[in-house]
Each structure stands twice: as C-alpha cells, then as structure tokens.
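# Descriptive analysis of the structure
For reference, the chains in residue letters:
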Amino acid sequence: MRLPPQANELIDRSREVVFSFEGKPVRAFAGDTIGSALFASGRRVFSRSFKYHRRRGLLCCSGACPNCMLTVDGTPNVRSCVEPAHDGATVEAQNVLGSLDHDLLSIVDKVGRPFTPVGFYYRTMIRPRRLWPLYETFLRNVAGLGRVDKRRGRTTRYDAENRSVDVLVIGGGRSGLAAARAAAADGDRVLLVDENARSFGEEPFEVVAPACALGIYEGGLVPVAAGRLLLRVRAGRIVVATGAVEQPLVFPGNDLVGVMLPDGARRLIRDFALKPGERAVLIAADDRALSVTEDLERAGVEVAATVDLREHDPTDIFAEGRRGLLRAVSIDGVGHDCDLLLAAGAPQPAYSLLAQAGAQISYDADRGIFVPGGLPAGVEAAGRVAGEVGPLLPTRACHGDGGFVCICEDVAVKDMKRALAEGFDSIELAKRYTTVTMGPCQGRLCQRSSIRIYAREQGTDEAAIGTTTARPPWTPVTLGLLAGRTHEPARLTAIHHRHVEAGADVIWTGAWRRPHSYGDAPAEARNVHETVGVIDVSTLGKLLVVGPDAVEFLERLYPNRYSDLKPGRVRYGVLSTDAGRIMDDGTVARLDDDRFYVTTTSTGADSVLGWFEWWNAVWRLDVEIVNLTGALAAVNVAGPQARDVLAGLTRADVSAEGFRYLDAREGAVAGVPCLMLRIGFVGELGYELHFASPYGEYLWDVLRDRGARPFGLEAQRILRLEKQHIIVGQDTDSESNILDANMQWIAKLDKDDFVGKWALEQAQERGPRELLVGFEMANGTVPAEGSQIVRDGGPSGRVTSSRWSEQVGKAIGLAWLPPDLAEEDATFEIRVNGRLEQARVRLRPFFDPAGDRLKS
Amino acid sequence: MNGLAFLSPGAARAEDGFAPRPASPLQRALEGSTGLRDLSLLGKVELRGGEAPDDVEAIRITPHRVLLLCEPERCAELLETTSGLAIDLTGALAGIELEGEVLMRRLTDLDLTRLPAAGKVAGVQAVVTSSGGGRYRIFFAQEVGHSVVEAVRDLQEGLA
Amino acid sequence: MSFLLTCPNCGARDVNEFAYAGEVTRRPRTAPSFRELTDYLYFRRNVAGVQREWWQHRFGCEAWFLADRDTRTNEVLGVEVPGAAGADVAAV
C-alpha cells in the first residue's frame with residue numbers, strides 16, 4: 001500500500017511503531033497518524049455515523065470532519081487522521097454495537113429511518129411520560145459519539161500559562177509565516193500557532209504546534225489549546241491566517257466511503273506515501289483542488305474523469321456503492337466506475353475566529369463564497385481566509401435531489417426541506433431544529449451548503465439568509481483543559497496549626513478555616529463561665545483610621561457617635577448602608593486624638609475595607625485607612641480567672657479600677673506588645689489581645705500554659721446567645737435595620753448626616769414591620785434555626801439563632817416577631833418538626849442581665 | 001509610626017523570663033520544597049505621603065504609597081525617621097523568592113517585563129519584583145501564604 | 001469578560017483584577033423625600049452607551065478611580081482619579 005518515498009513525507013521508515021486496533025496489532029512508521037496507519041493496513045471504514053450508523057471513511061484527513069473519530073487509550077472522539085501513532089496505544093471504534101464492519105445498530109439506517117426524521121424527538125417519545133428515562137437511555141445507547149470514562153477524566157493533568165505578545169499569528173501556512181516574519185523583522189514579540197503537528201524550520205519567532213486557537217475574546221485575549229496546556233495569549237495584534245476549507249459537494253451518495261476532499265487525498269499521498277484508491281474521478285471548482293491530478297498520477301492512480309465546475313456545473317451527480325463503499329459515479333447521466341471520488345466546491349474561508357472578533361461576514365455572489373470584512377481594530381485576516389483563493393465562479397448549491405448536508409449530525413437535504421416546511425425559515429432556527437453545523441466540524445464543512453440550500457429553497461439569496469453566530473470554542477476542547485489546576489485560597493490564622501494539633505473540628509467561615517469546637521462545645525462554654533477560656537479571633541477585620549479628619553470620617557460613616565469617645569476607650573459600632581440596612585458590626589477603639597482602631601466581622605472585612613476606601617475616594621478627607629487584618633493576630637481570654645492569667649503575664653495594670661470595662665490599653669504580654677481591649681462578646685470578664693501575627697503560636701502556647709482552655713466557634717455561639725448579642729448575617733439579613741434589630745440606642749439621629757440617616761428616619765416614621773427579640777422555650781425543645789413562627793395558622797416570623805444553654809438551663813434563641821408580639825413575657829408558637837411548640841419573649845439577656853460578670 | 005508598637009514584630013522583648021519567638025507563616029507549607037526561599041521575616045514598611053530614603057529598596061504602589069523592603073532590624077529606625085505615615089507590615093506580608101519565568105507565567109498574567117508591580121498572583125493580591133537571573137520575589141497577605149505556596153508547588157510539579 | 005482596564009497607577013490589566021461599584025450616582029444634598037431617597041438608592045440610568053462608573057484595583061494598588069465605559073462594547077474610553085472635593089461624584 002505504501003508508495004515509494006515522497007519528497008516531504010512525514011513518516012520515518014526506519015522506525016516502527018506498533019499499536020492495537022480492536023485488539024489486533026497494527027504496524028506503523030514513526031510519523032504516521034493512527035488514521036494513516038490504519039489506512040495503510042487496508043482499513044477503509046473508520047466510523048459509523050452519529051444517527052444512522054452509516055459506514056464512513058476518511059474524508060478530509062485534516063482533523064475537520066468526524067469520520068475518522070476513534071477512542072484512543074480511553075479518550076473518545078480522537079481525530080485519528082491527525083493523531084500521531086504511538087507505541088502501545090489502544091485504539092477502539094466508538095458508537096457501534098458489534099464492530100465497525102458489522103454494526104448491529106446499522107438497522108437504524110436500513111429500517112429505522114422513516115421513524116427518525118429531523119426533529120423526531122419533538123414529535124415522538126412524548127407519551128407516556130413515565131417512560132422518558134427509558135427513551136433517554138435507549139437513545140443515548142443508540143446514537144452519539146464516544147463514551148467518556150468518568151474516572152479517567154480526573155487523573156489527567158492540565159495546566160494553563162499566560163503569554164503576552166505584540167503579535168499573535170493563527171495559522172502557519174504561507175500567509176501566516178509571511179505575517180510572522182514581517183512582524184519579527186519589525187522587532188515585535190511574535191507567537192505563531194498552528195493546529196497541525198507539523199515541523200517548522202528555524203524562525204525568528206516562537207512557534208507552538210499543534211495548538212488551536214479557541215476563540216477571540218475582548219482585550220485581544222486568545223485562549224490556545226496546546227495539548228494539555230492552555231495558553232492564555234494577550235496580543236496587541238491578532239493575524240488570522242486560518243486558510244480556506246474545501247467544501248464537500250451535496251449529492252446523493254456523497255457520504256460513501258471513498259468520497260474524499262481533494263486535499264485529503266493529497267495529504268495521504270504526500271505526507272504518508274499512501275495510494276488513496278485505484279481509479280478516481282475528480283470534481284472541483286478551483287485550481288488548487290484540480291491540481292491534485294498531478295499527485296494522483298504520480299501515485300499511480302488512474303484518473304477516469306475530471307470536471308472543473310467553473311466550466312461545467314452538472315445538474316446531477318450520483319454516487320453509487322455497495323455495503324457503504326463507493327463503486328461508481330454518474331455525472332449528468334455519464335457513468336464512471338471508480339473507488340475514489342474527489343469532490344469539492346469552492347474553498348470556503350475559515351472565518352469563524354474573525355466573526356467572533358466582530359467581523360461582518362458577507363456573501364460574494366460572484367464567487368460563491370462567504371468572506372469576512374469590517375474587521376475591528378487589532379484583528380487582521382491574511383491569505384486564503386481573507387478571500388485570496390484564486391479565480392472562482394459560483395456553482396450549484398447541490399447537485400441532485402438528495403445527499404447529506406451535515407456529515408457530523410446526519411442531516412440530509414430532505415431534513416432541511418422538512419424543517420423549512422415546518423416553518424423554521426431562518427438559518428438560526430434551521431440550525432437549532434436540524435442540528436446542522438452543531439457537530440464536531442462546527443460548520444467548517446457544512447455551513448455554507450446549509451445556507452445556500454436554504455436560499456435556493458426559499459427562492460432568495462444567501463445575503464438574505466445570512467450566517468449563524470460564531471461562538472467559541474472554535475474546535476472541541478475538553479472541560480479539563482478549561483478547568484486547569486484548582487487552588488482554593490483558604491485563609492489561615494497564625495494560630496491555625498495549634499487548632500489542628502489539638503484535634504479541632506475545623507470548618508469554613510467565608511474563606512477562613514476556623515475551629516468549630518475542640519470536641520465538646522458545651523464543656524468549652526462551661527469552662528468560660530467557671531474558669532478561663534481562650535479563643536482565636538485573628539480572623540476579625542482590623543483597620544487603622546488615622547489623620548486629622550479621622551473623627552469626621554467615622555462620624556459620617558457610622559450611625560454611632562464617636563466624637564465623644566475618649567482616647568483609651570472602645571465602643572461597639574454598627575455600620576449601615578445608605579438604605580439604612582445593617583452592613584457589619586464591630587468595635588472602634590480610640591488610640592489617640594486622631595488614631596482609631598476599627599474591628600469588623602471576619603467575613604465582612606473585605607467589604608468594609610472597600611466601603612471605607614470608596615467613601616473616602618468620594619469625600620477625600622485627610623485620613624488614611626490601613627488594613628491590618630493579617631498583620632495582627634487576636635485572641636479573646638475570657639472567664640472569671642481571665643484577670644489572674646493576664647496579671648501573671650504583663651506589667652500593665654489590669655486591676656478592676658486600672659483597666660475598666662471598655663478600656664483600650666497597650667502593654668506587653670509575655671514580652672509581646674499588645675493592644676488590649678476589655679470587651680465582652682461572650683458575657684464574662686474578658687480581654688481581647690491584638691498583637692503582631694508572627695507571635696500567634698507563641699502567645700497561644702503561653703496562655704494555654706497558664707491554664708486558659710481553648711474554645712471554638714460553637715461554644716462562642718452559645719455564650720453570646722446567652723447575652724443576646726447578635727451576629728450580623730445570622731440574626732440580621734439584607735433588609736434589617738438598627739432600629740428593628742433592637743439597637744435603637746446606637747443610631748444618633750441628632751447627628752447632621754451619616755450614611756443611612758435619612759433611611760433610618762423614614763423607617764422610624766413608618767414604624768417597624770418586625771422586631772428582633774430573645775425567647776426561651778417552654779419545654780426545652782431547641783427549634784432549628786430558620787423555623788417558622790406560626791400565628792393564626794400562617795407564618796408570622798422566624799427563628800434566627802437557637803441553642804440549648806446549660807448555664808441558663810433552657811432552650812434559648814433570637815427571633816423576628818411582629819411588633820405586637822414583641823413584648824416581655826408574650827407567648828407565641830414555633831413550628832418544630834411538624835408540631836407547634838410554645839415560646840416566651842425575653843427582652844433582657846438570659847445570663848447576667850445586669851452585666852456584672854462582664855464589668856467586674 | 002510611633003505608638004503602634006503592637007504592630008511591630010521587632011518590638012517584642014525577652015523580659016521577665018519570657019522569650020518571644022516569631023514564626024514564619026510559610027514554615028510548614030515550605031517543608032520539603034525546592035527552589036523556594038522564605039522572605040516572610042524580611043522587614044517591610046509601607047510609607048504613605050512620605051519620602052523613601054535612598055538606601056532602601058522601595059517599590060512604588062501609587063503616587064502616595066510606597067513599600068520599603070529592609071533588614072528586619074532596620075524597621076524601627078525607618079518608622080522613627082521617615083516623614084509621612086509609616087506602617088510596619090513585616091508581620092502582615094509573607095513572601096517567597098522563586099525561580100523560573102515559565103513558572104511565573106503559570107502563576108500570574110502580569111507582564112513580567114513591567115516589574116515591580118502590584119497585581120494578582122495565584123489568585124491573590126500580591127506585589128512582585130524581579131531579582132534578576134530569572135528569579136522573582138512575591139509578597140502577599142500572610143493569611144493566604146499557605147495557599148500561595150501550595151499553588152506554587154503544584155505548578156512546579158507540572159513543570160518537572 | 002476579559003477586557004482590559006487601565007488602572008491610573010498600574011497600567012492596563014485584566015478586568016478581573018478589579019472590583020466594580022456601579023455607575024456614578026448623585027447623593028441628595030438635603031433630607032430627601034421618600035421618592036427621592038428611593039430613586040437614589042434603587043434606580044440607575046443604566047444607559048446603553050458610555051457610562052461613568054466606579055472601579056477599584058482590588059488585586060493591585062487598591063485605588064478607587066472612575067472609568068468611562070461603553071456598556072455595549074466594553075470599550076473603556078478613559079479613566080481618572082476623582083478630582084479634588086469630588087467635583088462630579090456623589091458628595092455629602
């Protein structure tokens with residue numbers, strides 16, 4: 001089967017490669033593709049078509065059509081005509097029941113065709129509905145492409161790499177190379193990509209091949225699929241030199257094995273030294289295709305007839321075969337025996353990438369091709385894709401009454417006529433109804449024919465029909481390549497590893513990893529009430545607000561008043577949006593006249609920082625906002641023994657009189673300078689220590705050594721609930737405002753203006769729709785958070801937080817209630833597991849309502 | 001800046017029997033790695049509105065803000081003597097030095113011919129400088145340090 | 001979305017390095033009526049054309065700036081740092 005050595009053949013006859021096909025060994029040369037090797041071994045049938053399981057053979061030999069698709073080493077839908085053959089590869093047919101040569105499903109073609117016209121699934125298999133799963137399973141097993149091995153997909157590694165170049169050239173043919181060389185000579189950084197695995201000589205620019213550009217996106221971004229590497233290329237200039245594609249002619253029998261595109265035969269001969277057939281007929285419409293005669297003669301193929309469609313455009317072409325293989329073709333009644341029919345219409349510029357970039361595609365009626373124009377800035381077309389394809393004349397849209405328009409999806413001419421008859425008269429509708437151009441070739445081989453046939457059937461011209469919208473990816477691509485490597489940027493505190501070492505149950509809160517508990521949350525909470533506990537609160541947002549306008553800045557932003565906050569004092573604050581909704585809460589400590597230290601919730605830190613920075617971009621006050629969230633670690637030491645522990649670690653005065661509740665002090669603790677805030681989220685005597693994060697583990701170890709027992713988020717939740725301290729986002733939502741959330745005292749409406757003031761004033765006038773209150777359960781059942789409050793048979797509020805409190809001996813919680821129910825001692829009902837349970841409103845903290853423990 | 005001693009890792013003192021030990025946030029993540037140098041304990045000072053001294057490496061972020069890199073012992077002096085607002089970010093920022101332009105191009109889409117720059121690296125906000133010879137220094141928030149090093153090591157595997 | 005946005009400090013970068021804060025609005029100067037407040041809070045001009053809007057270089061220098069972007073094409077016609085006293089932006 002092999003011809004004598006050809007001038008530029010790609011095979012290396014001195015090296016052998018062996019792979020298996022359907023379990024049997026196939027011998028090939030290094031440089032062969034799987035397709036060429038199989039062809040050399042005598043194989044002519046390479047696949048069975050998508051819907052009708054018709055025999056299909058090599059057509060384009062360039063990776064555009066679906067005919068040669070096989071499963072290689074478990075990867076489905078591999079274009080074997082361009083896939084390099086490698087030692088030990090396992091190659092199998094796909095979409096067959098049985099074998100390629102004896103596919104039991106070909107019964108669909110012989111008997112089933114009347115039942116499966118275009119869009120049959122819109123008319124059949126509708127009733128009974130309970131059989132839909134069965135219909136779906138049946139169809140999926142009977143039609144389609146290859147099968148994906150779901151386990152394998154996860155073990156393949158794909159990477160992504162960024163490139164920034166002055167010029168990206170897509171296509172390494174004559175025009176692409178010329179453009180790349182010219183740009184390089186001008187001193188530009190040039191990258192050239194080509195979808196073929198060709199070798200290029202020494203060039204003064206970078207070449208990546210095989211590599212396929214997937215699309216042209218905004219900002220000159222072109223993702224390029226290069227095997228297992230995705231190149232994200234940013235280019236100042238993009239030169240599209242993707243060439244022109246020979247188009248299959250449409251006529252009865254045009255999908256028989258042995259019908260090929262002229263360029264496909266040329267590649268078999270020149271690249272792989274293979275004789276494509278014994279006796280050939282050539283029908284073509286341009287000089288380049290017609291010149292394949294020379295290659296045929298050199299290969300010893302008898303050329304029975306040649307037709308130049310520009311001189312003679314036949315009305316009828318009819319190809320006849322046996323068992324799917326071509327035997328003869330008749331042209332306007334004149335018959336020729338042949339086993340090879342090279343048939344192509346005028347080469348069609350491959351304009352898809354240009355169309356994606358915004359080019360206007362128009363029909364050149366004088367030549368019968370679509371050409372791109374109106375290119376946006378930064379995008380150029382070079383060579384055949386720009387329409388430089390030699391002298392052409394328009395030819396017929398189809399040659400005869402029948403044949404396939406879309407080889408990929410088995411869409412025949414009569415399917416397109418039927419779609420039109422059913423009213424799908426625009427090409428966009430025709431595409432969606434028939435699925436023409438939606439297969440692996442993505443319209444490369446069939447879009448023009450489909451448009452021309454539609455124009456002919458409607459008695460209009462191609463310009464009126466237009467083209468369908470070109471979208472990426474231009475070539476099929478695996479999802480794995482697009483996904484690349486996934487890295488989840490978790491945020492860890494400086495003390496994180498101590499929690500892991502202590503066996504903590506670590507959970508996600510936002511992007512942070514935090515300990516939920518160390519195994520026994522109720523015991524951790526009990527410990528805070530009885531002795532002393534310590535919790536890692538390094539995740540708190542921390543902002544320094546400093547400058548002559550610092551007070552003014554805070555006064556404008558917060559509903560609170562801060563102008564009267566003395567240096568050395570800290571105050572709880574709630575941020576409000578201009579719509580009066582609660583955005584975040586935290587503390588503000590005054591370090592100095594114009595120096596404030598602000599804390600925020602852990603998950604709100606990023607947005608509060610952005611909020612602060614944005615308002616100052618608007619106001620342009622003389623203030624600096626510095627994000628110290630990661631700079632500082634923070635721990636809360638809480639419990640009756642907290643003072644004793646701290647006293648043993650610092651020279652600072654931590655006596656009750658020297659360091660009062662809501663004081664802010666600086667001092668060294670165990671040699672580490674700290675900002676100490678005496679605040680009380682968890683309801684016991686407590687000190688929040690903020691210090692440089694490199695000392696996180698050190699200080700944690702010291703505190704533990706002195707008897708402070710770690711407690712986690714769950715214990716903290718129980719403790720704060722006993723004090724009815726809210727958690728923004730848990731007890732409040734995007735509608736809640738300060739007045740309704742039981743914090744009326746925070747909003748200083750006598751201030752001139754602050755963000756949210758007007759909305760709060762108007763809300764106050766309207767009166768609340770609902771109020772946030774504490775409650776306790778009558779019988780100790782803990783209602784799930786989110787449970788409905790039921791009144792007169794309908795929903796009337798919801799539970800936002802709930803826990804069993806060992807300290808209080810009751811099931812407690814917070815809930816939103818209608819104002820008339822939100823009174824001390826009022827009872828209401830909560831739906832819990834389908835039953836209504838009794839609850840009672842408690843407006844004061846459940847534990848230590850006077851705050852004596854906190855302020856001791 | 002004065003009066004923010006609790007911000008400066010360099011202000012800790014061995015006293016009263018205590019011996020504070022600072023730890024790098026990248027120490028565990030870098031165990032067993034090759035070709036990566038830990039820069040987390042390097043001195044870093046952000047200067048706003050002031051003049052950077054001539055003998056200190058300075059990376060300008062905006063017309064108003066500049067990041068100074070120095071030996072950790074020098075931070076205290078810089079905080080005292082520079083004009084404007086000086087903030088000790090030694091503990092705030094972790095850093096690594098790595099080698100390889102291709103590795104960098106898999107970590108970031110920053111233009112590597114236009115360094116130093118502040119931009120996105122391994123999905124996080126970072127400051128990148130070139131140390132010459134295909135080596136790069138990257139600084140990022142210490143709390144995401146572990147993730148950045150994990151990403152770098154994963155991409156190194158892909159290039160092995 | 002992959003267009004390039006030019007940060008006034010850092011130069012042209014992928015738009016995903018930035019945070020977007022919507023079109024520039026005008027905050028009422030005196031206590032507004034319910035309708036005026038609702039307008040300011042919830043209604044936008046939402047033009048199909050050039051829109052003046054806020055962006056922040058969140059993953060870079062963190063500066064807030066203004067951009068004029070054609071919402072139909074994502075072409076950014078210009079960027080600028082807000083002028084002194086916030087001349088034509090929302091002001092309290």
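A brief report on the enclosed structure follows. (Residues numbered from 1 in each chain as written. Chains lettered and ligands numbered in written order. Predicted model: local features only at pLDDT ≥ 70, side-chain atom pairs only at ≥ 80, totals over all residues.)

In this assembly, 44 residues from chain B lie in contact with 43 residues from chain A. When residues in the side of chain B that touches chain A are grouped by element, the largest group, seven residues, is from helix H4 (residues 145-159) of chain B. (Contact = placed C-beta atoms within 7 Å. Helix = DSSP H or I, 4+ residues; strand = E, 2+ residues; numbered from the N terminus.)

This next bit is on the packing of helix H16 (residues 521-530) of chain A against helix H21 (residues 713-722) of chain A. In helix packing, the relevant descriptors are the interaxial angle and the interaxial distance, both defined with respect to the helix axes. Residue and element names in this part refer to chain A. At a minimum axis distance of 8 Å, the contact between H16 and H21 shows a crossing angle of 55°. When the axis of H16 is compared with that of H21, the two are oblique. Handedness of the H16/H21 crossing: right-handed. Each of Ala521, Glu524, Ala525 and Val528 in H16 lies in contact with H21, whose residues at this interface are Glu714, Ala715, Ile718 and Leu719. In terms of residue class, the contact of H16 with H21 is made up of six nonpolar, no polar and two charged. (Axes fitted to C-alpha atoms, helices over the stretch in contact; angles between N-to-C directions. Parallel < 35°, antiparallel > 145°, perpendicular 65-115°, else oblique. Left-handed = near helix turned anticlockwise from the far one by under 90°. Nonpolar A, V, L, I, M, F, W, Y, C, P; charged D, E, K, R; others polar.)

A word on H21(A). Since the α-helix packs 3.6 residues into each turn, any two residues three or four apart lie on the same face. All names here are of chain A. Taken across its 10 residues, H21 has nine buried, putting it largely inside the fold. Listed in full, the buried residues belonging to H21 are Leu713, Glu714, Ala715, Gln716, Arg717, Ile718, Leu719, Leu721 and Glu722. Buried-residue contacts for H21 involve strand S29 (512-517), H16, strand S30 (533-536), strand S43 (794-805) and strand S44 (810-817). Backbone geometry just after H21 places Gln724 at a positive phi near 60°. (Buried ≥ 20, exposed ≤ 12 C-beta atoms within 10 Å, placed from the backbone.)

All names here are of chain A. If you check helix H18 (residues 605-619), its first and last C-alpha atoms are 21 Å apart, about what 15 residues at 1.5 Å a residue would give, namely 21 Å. Taken as a whole, H18 has its buried residues at Ala605, Val608, Leu609, Trp611, Phe612, Asn616 and Trp619. The buried residues of H18 all sit within an arc of 160° when viewed along its axis, so they share a single face. Residues of H18 that are buried in the fold lie against strand S31 (541-546), helix H17 (550-557), strand S32 (569-576), strand S33 (582-592), strand S34 (595-600) and strand S35 (624-627). (Expected span 1.5 Å × (residues − 1). Arc of directions from axis to C-beta.)

Quick look at the nonpolar core now. Counting residues in each nonpolar core, the largest one holds 173 residues, and the members touching the most others are A:Val545, A:Val635, A:Val637, A:Phe691, A:Leu699 and B:Phe140. Ignoring sequence-local partners within four residues, the contact set of A:Val637 consists of A:Val532, A:Val534, A:Ala642, A:Val645, A:Leu646, A:Gly686, A:Tyr687, A:Leu689, A:Leu703 and A:Ala708. A:Leu38, A:Val165, A:Ala344 and A:Trp474 belong to the second-largest nonpolar core, a separate cluster that totals 151 residues. (Core = buried A, V, L, I, M, F, W, Y, C linked by C-beta atoms within 7 Å.)

Another aspect to go through is the sheet that holds strand S21 (residues 340-343) of chain A. Residues and elements named next belong to chain A. The strand order across the open sheet built from four strands is S15-S21-S16-S17, with neighbouring strands paired in parallel fashion. The two strands at the open ends of the sheet, each matched to only one other strand, are strand S15 (259-260) and strand S17 (302-308). In the sheet, strand S16 (residues 279-284) pairs with S21 via four bridges, with the strands oriented parallel. Counted as the bridge partner of Val281 is Leu341 from S21. (Pairing = 2+ DSSP bridges.)

What follows is about unusual backbone geometry. Note that the residue after A:Pro472, namely A:Pro473, is joined by a cis bond; omega there is 0°. The omega torsion of the bond from B:Leu115 to B:Pro116 falls at 5°, within 30 degrees of zero and hence cis. Backbone geometry places A:Asp825, a non-glycine residue, at a positive phi of 80°. Relative to the assigned elements, A:Asp825 resides in the loop between S44 and strand S45 (827-832). A count of 8 C-beta atoms within 10 Å places A:Asp825 in the exposed class. The backbone of B:Ala122 sits at a positive phi, close to 50°, despite the residue not being glycine.

Our next topic: the interface of chain A and chain C. Tallying the contact residues gives 18 residues for chain A and 24 residues for chain C. For the side of chain A that touches chain C, the secondary structure elements donating two or more residues are H18 and helix H22 (757-766) of chain A. The leading source of residues in the side of chain A that touches chain C is H18(A), at six residues. Class assignment of the residues belonging to the side of chain A that touches chain C gives a composition of nine nonpolar, three polar and six charged.

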